[in-house]
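# Architecture and fold: a report
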Amino acid sequence: MMYENDAYAVENCTDATVDRIFRKKLKSIKVDKLLKNNETIKTEHLSLKILHTPGHTSGSICIYEEDSKTLITGDTLFENTCGRYDFPTGDKKEMIKTLNKISKLNPSHVLPGHGNIKSYEIHNLIKRILNEIDEWD
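Here we summarise the structure given alongside this text. (Residues numbered from 1 in each chain as written. Predicted model: local features only at pLDDT ≥ 70, side-chain atom pairs only at ≥ 80, totals over all residues. Heavy atoms only, no water.)

### Digging into the packing of helix α2 (residues 92-105) against helix α3 (residues 122-132)
For clarity, the threshold we go by: Angles here are taken between N-to-C directions and fall from 0 to 180 degrees, while the axes themselves are lines fitted to C-alpha atoms, restricted in helices to the stretch in contact. Labels follow the DSSP assignment, with helices taken as runs of H or I lasting at least four residues and strands as runs of E lasting at least two, numbered in each case from the N terminus. Note on angle classes: values under 35 degrees are labelled roughly parallel, values over 145 roughly antiparallel, values of 65 to 115 roughly perpendicular, and the remainder oblique. Two helices that cross are described as forming a left-handed crossing if the nearer one is turned anticlockwise from the farther one by less than a right angle, and a right-handed crossing if clockwise. The contact definition used throughout considers only heavy atoms, calling two residues in contact when any of these lie within 4.5 Å. The nonpolar class holds Ala, Val, Leu, Ile, Met, Phe, Trp, Tyr, Cys and Pro. Asp, Glu, Lys and Arg form the charged class, and all remaining residues, Gly among them, are polar.
α3 packs onto α2 with a crossing angle of 160° between their chain directions and a minimal axis gap of 10 Å. It follows from the interaxial angle that α2 and α3 lie roughly antiparallel. The way α2 lies across α3 gives a crossing that is left-handed. Between α2 and α3, the residues in contact are I96, L99, N100, I102 and S103 and H123, I126, I129 and L130, respectively. When its residues are assigned to classes, the contact of α2 with α3 shows six nonpolar, three polar and no charged.

Here it is, written out as structure tokens:
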């Protein structure tokens, strides 16, 4: 499964996959299911909402489990910062919009793409990133 905006790059091994950074040529894969914004994936015990969160890539997503207020952020948010937005489909302005969007969710737990699970001061982390992001370029 993958958000529709990133699927083409993975299926066709475009430069947007940034495989060259790792000095490996990725093999194309077929995406079985294209995810859409606000789509809900239900399992026996969970209801997972797909949130389109561009910035790191144009197809970045977070997955939100509303009952526990748990947000799986992938590379949108790390333990102490946000993901890079200087990749081919990344965008700083979109990252800022995304950080504001996920801040409004007020998650109790964040499972970041890198680092430890955050269960405290999540709002303060996002606020700090938003205050500092203009100084990064």
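Right, picking up where we left off after that structure.
### Digging into the pattern of salt bridges
Just so we agree on the cut-off: Each salt bridge in this description consists of a side-chain nitrogen of Lys or Arg and a carboxyl oxygen of Asp or Glu lying within 4 Å of one another. A simple rule labels every residue: compare its accessible area, found with a 1.4 Å probe on the protein chains alone, to the largest value its type can have, and call it buried under 20%, exposed over 50%, or partly exposed in between.
The full count for this structure, using the stated rule, is six salt bridges. Between E39 and K33 there is a salt bridge whose closest N-O contact spans 2.6 Å. By relative accessible area, which is 19% here, E39 ends up buried. Residue class for K33 comes out partly exposed when judged on its relative accessible area of 35%. Across the pair E132 and R128 runs a salt bridge whose closest N-O atoms are separated by 3.1 Å. Linking E132 with R128, this pair stays in helix α3, spanning four residues, or about one helical turn. Of the residues examined, E132 reaches a relative accessible area of 28% and is grouped as partly exposed.

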